[in-house]
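Examination of the molecular architecture
Here's the letter readout for the chains.
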Amino acid sequence: DIISAIIAGVLISVLTGFFLAGRSLVPIRKSWEKQQRFVADASHELRTPTAIIHAQTELLLRNPAHSIEQEADQIAAILKESNRMNRLLDNLLTLARSDSNQLQLQSSFFKLDELVQEIAERFRLLAETKNVTVRYAAEQPVLFWGDEGRIRQLLIILMDNALKYTPESGTVEIRTRIQTSFLVIRVSDNGCGIADRDLPFVFDRFYRGDQARSRAEGGTGLGLSIAHWIAYAHGGTISIESTVNEGTIVELRLPRKKYD
Ligand code: ADP
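First things first, this report covers the structure right here in the doc. The structure displayed is predicted, hence computed values, not measured ones. (Residues numbered from 1 in each chain as written. Predicted model: local features only at pLDDT ≥ 70, side-chain atom pairs only at ≥ 80, totals over all residues. Heavy atoms only, no water.)

Side note on the packing of helix α1 (residues 2-62) against helix α2 (residues 72-99)
The geometry of α1 relative to α2 is characterised by a closest axis approach of 9 Å and an angle of 160° between their N-to-C directions. Considering the angle they form, α1 stands roughly antiparallel to α2. In the packing of α1 onto α2, the handedness of the crossing is left-handed. Contacts between α1 and α2 involve F38, A42, E45, L46, P49, T50, I52, I53, Q56, T57, L59 and L60 from the first element and Q74, I75, A77, I78, E81, S82, R84, M85, L88, L89, L92 and L95 from the second. Per-class residue counts for the contact of α1 with α2 are 16 nonpolar, five polar and three charged. (Axes fitted to C-alpha atoms, helices over the stretch in contact; angles between N-to-C directions. Helix = DSSP H or I, 4+ residues; strand = E, 2+ residues; numbered from the N terminus. Parallel < 35°, antiparallel > 145°, perpendicular 65-115°, else oblique. Left-handed = near helix turned anticlockwise from the far one by under 90°. Contact = heavy atoms within 4.5 Å. Nonpolar A, V, L, I, M, F, W, Y, C, P; charged D, E, K, R; others polar.)

What follows is the structure, encoded as structure tokens:
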């Protein structure tokens, strides 16, 4: 009986060991698959601009006697695609560094209301060309503890999306308010909105709602995943509400550190 008890004990511990080892492999496999998909998506995204630059350069070389004026369209296409590649590479680098925890926040106290105002002014000028109104409202001066460069990057991503996905004579608004120990920033627009089927995925890397339209707008599908990373790195959250053809509200909630 003692022998059978020992055998049963050994069997149970071996089986438990196998079970636990199998379970702990699941997250590793998942992260490996995620990494593979990321590399595949990134290569795919880089292929299009590279192909366009290649084709346009070959066309230019066919007529070496042509002037720059005659080839202006081709040169403009090369410039546009190389800009797109630069943006994509910048974004990829940010995400790769955040994955490997190489990105440290450079935090300090800064005047958040002034940053928001500066960004609103910058987008007001851009929006004029599209006849879109930019509104800005800040409740009061706010000293905020965080990485100013990253918060700027985040707000630019949100404002850029709001402007990109809002048609002529629409409105984009950025509003900040303090809610006890949180700072709440809302970027809203009355643009095309996001379909219910797309909404759960918009923070995923390379996810684009309406593929054709968002690529035509120069999107990389990485903006919101970077915005998500920056919000969480600050201990905050980011959420989206949206209705098709009515508009989108992105809400950012960031914890505040008191300034004494
Ligand atoms: P992209 O570079 O394509 O804009 P993002 O990661 O910033 O990538 O956004 C992911 C998708 O979410 C976009 O392709 C778009 O479909 C949708 N989206 C984001 N912001 C808005 C907005 N303000 N209005 C409508 N759709 C939006």
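Some points on the sheet that holds strand β7 (residues 247-255)
Strand order in the open sheet formed by five strands is β2-β4-β5-β7-β6, with mixed pairing between adjacent strands. The open sheet has two edge strands with one neighbour each: β2 (133-138) and β6 (237-243). Going from strand to strand, the sheet's axes swing by 10° on average, the running direction of each strand aside. Sheet topology places β6 next to β7; seven bridges connect them, and they run antiparallel. Its bridge partner being in β7, I240 is matched across the sheet by V250. Those strands touched by helix α3 (residues 112-128) are β2, β4 (171-179) and β5 (182-189), and its axis lies near 170° from that of β2. (Pairing = 2+ DSSP bridges.)

Notes on the side chain of E251
Its location among the elements puts E251 in strand β7. For E251, the side chain forms a polar contact with the side chain of R186, separated by 2.9 Å. Beyond its immediate sequence surroundings of up to four residues, E251 is in contact with R177, V184, I185, R186, T237, I238 and S239. (Polar contact = N/O pair within 3.5 Å; in protein donor to acceptor, adjacent residues only side chain to side chain.)

Brief notes about the site of the ligand
Near the ligand lie 21 residues; those nearest to it are Y165, G209, T220, G221 and L224. Within the side chain of D189, one N or O atom sits 2.9 Å away from a nitrogen atom of the ligand. Taken by itself the ligand offers 540 Å² of open surface, and the protein chains cover 96% of this. Counting atoms within 2 Å of the grid points, the majority share of the ligand lands in the largest pocket. Broken down by secondary-structure element, the contributors of at least two residues to the shell around the ligand are α4 (148-164) and α6 (223-233). (Near = heavy atom within 4 Å. Areas by Shrake-Rupley, 256 points an atom, 1.4 Å probe, with all protein chains shown as cover. 1 Å grid on protein atoms, 1.4 Å probe; cavity = no way out; pocket = protein on both sides within 12 Å on 5 of 7 lines; lining within 4 Å. Sits in = over half its atoms within 2 Å of the grid points.)

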